[in-house]
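# Structural features, examined
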Amino acid sequence: MSLPKFESILQADVPKGREGKHKKIITTLLQDLSQLKEGSALRVPLNELPDSKENIRSALSRAAAQQGLSIATSSNDEFLYIWNTKDGEAGEA
């Protein structure tokens, strides 16, 4: 009988939950959104994002939905714009 190739650990030591690669930027964006005045939007330089605007937008949308938040986004060649919406407003421009 050969030795196992991979190490074993106790199930109690298995990490629970998902710490995605976008966690830091998404957490920061959600915190900034929570402090945003009505009628305002965040303007995030695309060159400061750790991944493509599409991937960040998707991760942000998932995280916002999990927290019951309604947000909208738009972008141009330089910035990603993000703002809070009321239910029923357009989610992505």
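To be clear, the structure that these remarks concern was listed above.
Residues numbered from 1 in each chain as written. Predicted model: local features only at pLDDT ≥ 70, side-chain atom pairs only at ≥ 80, totals over all residues. Heavy atoms only, no water.

This next bit is on the pattern of salt bridges. A complete count under the given rule lists two salt bridges for this structure. Here Asp 51 makes a salt bridge to Lys 21, at a shortest N to O gap of 3.7 Å. With a gap of 30 residues between them, Asp 51 in the loop between β1 (42–45) and α2 (53–66) and Lys 21 in the segment before α1 (23–34) connect regions that are remote in the sequence. According to the relative accessible area criterion, Asp 51 is partly exposed, its value standing at 23%. The residue Lys 86 makes a salt bridge to Glu 38 at a minimum N-O spacing of 3.2 Å. With Lys 86 in the segment after β3 (79–84) and Glu 38 in the loop between α1 and β1, the pair connects residues that are 48 residues apart, well separated along the chain. For Lys 86, a relative accessible area of 51% corresponds to the exposed category. On the basis of relative accessibility, which here comes to 72%, the residue Glu 38 falls in the exposed class. (Salt bridge = Lys/Arg side-chain N within 4 Å of Asp/Glu carboxyl O. Helix = DSSP H or I, 4+ residues; strand = E, 2+ residues; numbered from the N terminus. Buried < 20%, exposed > 50% of the residue type's maximum accessible area, 1.4 Å probe, protein only.)

Within this structure, the stated rule accounts for one aromatic pair. Between Phe 79 and Tyr 81, the aromatic rings sit 6.0 Å apart at their centres with planes inclined by 50°, giving tilted as the arrangement. Taking relative accessible area as the criterion, Tyr 81 reaches 23% and is therefore assigned partly exposed. (Phe/Tyr/Trp six-rings, centres within 6.5 Å; stacked < 30°, edge-to-face > 60°.)

Note: strand β2 (residues 71–75) against β3, five bridges, orientation antiparallel. Bridged to Ser 75 within β3 is Leu 80. Remark: three residues form the turn of the hairpin made by β2 and β3, two consecutive strands paired antiparallel. (Pairing = 2+ DSSP bridges.)

Scope: geometric values only; no functional claims are made or implied.
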